[in-house]
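# Structural overview for review
Residue strings, one per chain:
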Amino acid sequence: MPYTLLISAPELQRLLQERRPAMVFDCSFDLATPSHGPAMYQEEHIPGAVYADLDTDLSARHGAPGPSGILVAGAADAPCSGGRHPLPNRERFATWLSSIGFANDMQAVVYDRNGANYCGRLWWMLKWMGHDAVAVLDGGLQAWKAAGGAVSTGDEPAHFQSNFQIEEPLRRLVDAQQVWQRLHQPTQTVLDARAAPRYAGEVEPLDPVAGHIPGALNRPFGQNLGEDGRFKPASQLRAEFDALLAGRDPASVVHQCGSGVSAIPNLLAMEIAGYPTTALYAGSWSDWCSDPGRPVERGG
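Quick notes on the rules
Residues numbered from 1 in each chain as written. Predicted model: local features only at pLDDT ≥ 70, side-chain atom pairs only at ≥ 80, totals over all residues. Heavy atoms only, no water. Helix = DSSP H or I, 4+ residues; strand = E, 2+ residues; numbered from the N terminus. Buried < 20%, exposed > 50% of the residue type's maximum accessible area, 1.4 Å probe, protein only. Contact = heavy atoms within 4.5 Å. Lys, Arg positive; Asp, Glu negative; His and termini not counted. Charge placed at Lys NZ, Arg CZ, Asp CG, Glu CD. Core = buried A, V, L, I, M, F, W, Y, C linked by side-chain atoms within 4.5 Å. Polar contact = N/O pair within 3.5 Å; in protein donor to acceptor, adjacent residues only side chain to side chain. Pairing = 2+ DSSP bridges. Axes fitted to C-alpha atoms, helices over the stretch in contact; angles between N-to-C directions. 1 Å grid on protein atoms, 1.4 Å probe; cavity = no way out; pocket = protein on both sides within 12 Å on 5 of 7 lines; lining within 4 Å. Points joined across faces, edges and corners; volume = space filled by probe spheres on them. Nonpolar A, V, L, I, M, F, W, Y, C, P; charged D, E, K, R; others polar. pLDDT = per-residue confidence, 0-100. Parallel < 35°, antiparallel > 145°, perpendicular 65-115°, else oblique. Left-handed = near helix turned anticlockwise from the far one by under 90°.

## Thoughts on the overall build of the chain
- Summing up its helical and strand segments, the chain has 10 helices and 12 strands in all.
- With the C-alpha coordinates aligned to their principal axes, the bounding extent of the chain is approximately 50 × 45 × 35 Å.
- Within the chain, the proportion of its 300 residues that are buried is 53%.
- Restricting the contact set of the chain to residue pairs at least 6 apart, pairs at least 24 apart contribute 76%.
- Charge centroids of the chain, computed over 23 positive and 33 negative side chains, lie 3 Å from each other.

Structural data, given as structure tokens:
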């Protein structure tokens, strides 16, 4: 059976020892200094891992600012979302997967050293491409090393090109218009994964407007992890989300954050807790606040 949510370090060690068709991805990144991500990979990574760069591999080309601040690009590179880290279209992403040799029959394992903040993006994107056999390494590179896993430095040998085939999406993507149309409706519960001060509009270090989408609930993504850096037990996550949702339909949840990246740990945590799959607003706050006509709420 494939791994579809989490995989432990010992389980990954066995998977690699058995030489099953698999590819490991290192998604480590640093928003403040993007060049640190590739540097961390060069310094140490799981042997054979492919580096997936948030800016260049997992996001669309930003193009030039449009008349209302929305990013635009040529037809072939047209993104599937707005925001600071716009999703590439599925055809462009399939081209990248093929170029690194990832095939439809492979198990994907994604990790970072950032509390699953960045590797979750690739986990979700593969689900969105119709590929279910993808799992997050629970605890990241730190857990791998703690379990006695070896590390490599420098570059890895290139893989032969594959022909990755796009399938029906296994996860749902929504845009700003869909979120706006359902504001304050029982059919939608927006869940904001940013830190509480940003959610409340007390500070805004990245985007031009402070605040949050009206009616959104707040759960900072780091609350899904225990002190050991691994996801909390399913029963604990379930209790915490039940308390936060307070009777709201879990299937109505739409996840967002600043640019659609750190929302994924909340989405993944809900699946670990046994909830049905939920939606992602990938453009998130950076996309929402780019239009001055959209409503903004401040306060806790």
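## As for the nonpolar core
- Of all hydrophobic cores here, the largest spans 70 residues; its most connected members are F25 and F102.
- Ranked by the residues each element gives to this core, the list is headed by helix α4 (residues 119-128), at 7 residues.
- Apart from residues lying up to four places away in sequence, F102 is in contact with M23, F25, L97, Q107, A108, L126, H131, S162 and F164.
- Core analysis: the next-biggest nonpolar cluster, separate from the first, contains 14 residues, A176, V190, V254 and C289 among them.

## Concerning the side chain of R294
- Relative to the assigned elements, R294 resides in the segment after α10 (284-288).
- There is a polar contact of 2.8 Å between the side chain of R294 and the backbone oxygen of D287.
- A polar atom in the side chain of R294 sits 3.2 Å from the backbone oxygen of W288.
- If near-sequence neighbours (up to four positions away) are discounted, R294 is found in contact with A176, W180, D287 and W288.

## With respect to the sheet that holds strand β11 (residues 253-256)
- Taken in spatial order, the 5 strands line up as β8-β12-β11-β9-β10 in an open sheet, and their pairing is parallel. Each end of this open sheet is capped by a strand with a single partner; those strands are β8 (172-174) and β10 (217-218).
- Of the strands in this sheet, β9 (189-192), β11 and β12 (279-281) touch helix α9 (residues 264-272), which is tilted by about 145° from β11.

## Structural notes on the layout of surface pockets
- Looking at the largest pocket, its volume works out to about 270 Å³.
- Lining the largest pocket are 14 residues, with L16, A22, P47, G48 and H159 positioned closest to its centre.
- Among the secondary structure elements, those contributing two or more residues to the lining of the largest pocket are α1 (9-17) and β2 (22-26).
- In terms of residue count, the dominant contributor to the lining of the largest pocket is β2 (3 residues).
- Residues belonging to the lining of the largest pocket are distributed by class as follows: 9 nonpolar, 2 polar and 3 charged.

## Thoughts on the confidence of the model for the chain
- Overall, the prediction assigns the chain a mean pLDDT of 94, with 95% of residues at 70 or greater.
- Below a pLDDT of 50 lies the segment residues 64-68, which in the model reaches 6 contacts outside its immediate sequence neighbourhood of four places, other chains included.

## Observations regarding the packing of helix α3 (residues 90-99) against α4
- Two elements in contact, α3 and α4, have axes whose closest approach is 11 Å; the angle formed by their N-to-C orientations is 110°. When the interaxial angle is binned, α3 and α4 end up roughly perpendicular. For the pair α3 and α4, the sense of crossing is left-handed. The residues of α4 that touch α3, namely those facing R90, F93 and L97, are L122, M125, L126 and W128.
- When grouped by side-chain class, the residues that make up the contact of α3 with α4 number 6 nonpolar, no polar and 1 charged.

## Quick notes on α9
- Most of α9 is tucked away: 9 of the 9 residues are buried.
- Positioned one or two residues after α9, G274 has a phi angle of 95°, which is positive.

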